[in-house]
Amino acid sequence: MTETKDVKLKVEEKFGALRYVNAESGGPPLMVFITIIPLLAAGFYILKQQHWIWMLAGAAIMTAGNAIPLELNSTAVTNASELILLISLWATKFYLDQKRRGVEV
């Protein structure tokens, strides 16, 4: 059984799709910031230890893409910032794997 406590939902239509959202929430999604804080911390650590800025840059772009409210008739900016984060994470893994193998990148 799933229970929610004191959640008030309202119906919202966005780009032709019907969805339910929390009627009392405002601002950027909390889960995004809970997720991005460890990514920013890891990005700073990797920058300091490995002199590799791209994980930090991807996390910062993702943060900005979700935090800055834009009056656009699309969610493309948010989706683009998520794609940039994914590419930066992939590039960071590739870079660290190559360094661990002793390959100059």
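Model, not experiment: these values are computed from the prediction.

A separate point is a nonpolar patch on the surface. Side chains of V7, L9, V11, L18 and Y20 sit close together on the surface and give an oily, nonpolar patch of about 540 Å² of accessible area. Going through the elements one at a time, β1 (9-14) and β2 (17-22) are the ones with two or more residues in the nonpolar patch. Mapping L9 onto the fold places it in strand β1.

What follows deals with the nonpolar core. Judged by nonpolar contacts, V32, I36, L39, I46, W52, M55, A59, M62, L85, A91 and Y95 together constitute the single largest core of 11 residues. Where this core is concerned, the elements lending two or more residues are α1 (30-50), α2 (54-67) and α3 (76-101). It is α1 that provides the largest number of residues to this core, a total of four residues. Among all residues touching M55, those that are not within four sequence positions of it are L39, A42, G43, I46, S88, L89 and T92.

To continue, consider the pattern of salt bridges. Scanning the entire structure with this criterion turns up two salt bridges. K93 is the partner of D97 in a salt bridge, and the nearest nitrogen-oxygen pair spans 2.7 Å. Residue D97 and its partner K93 are both found in helix α3; the two are separated by four residues, about one turn of the helix. Under the relative-accessibility criterion, D97 is labelled buried at 15%. Across the salt bridge formed by D97 and R100, the nearest N and O atoms sit 2.6 Å from each other.

What follows is about the packing of α1 against α2. It is the contact of α1 with α2, at a shortest axis distance of 8 Å, that shows an interaxial angle of 155°. Between α1 and α2, the angle is such that the two are roughly antiparallel. Seen from above, α1 lies across α2 with left-handed handedness. Contact with α1, carried on its side by V32, F33, I36, L39, L40, A42, G43, F44, I46 and L47, involves M55, L56, A59, A60, M62, T63, N66 and A67 of α2 and no other residues of that element. For the contact of α1 with α2, the per-class residue count stands at 15 nonpolar, three polar and no charged.

Conventions and cut-offs
Residues numbered from 1 in each chain as written. Predicted model: local features only at pLDDT ≥ 70, side-chain atom pairs only at ≥ 80, totals over all residues. Heavy atoms only, no water. Patch = residues over 30% accessible without salt bridge, like charges linked within 9 Å, V, L, I, M, F, W, Y side chains within 5 Å. Areas by Shrake-Rupley, 256 points an atom, 1.4 Å probe, with all protein chains shown as cover. Salt bridge = Lys/Arg side-chain N within 4 Å of Asp/Glu carboxyl O. Helix = DSSP H or I, 4+ residues; strand = E, 2+ residues; numbered from the N terminus. Core = buried A, V, L, I, M, F, W, Y, C linked by side-chain atoms within 4.5 Å. Buried < 20%, exposed > 50% of the residue type's maximum accessible area, 1.4 Å probe, protein only. Contact = heavy atoms within 4.5 Å. Axes fitted to C-alpha atoms, helices over the stretch in contact; angles between N-to-C directions. Parallel < 35°, antiparallel > 145°, perpendicular 65-115°, else oblique. Left-handed = near helix turned anticlockwise from the far one by under 90°. Nonpolar A, V, L, I, M, F, W, Y, C, P; charged D, E, K, R; others polar.

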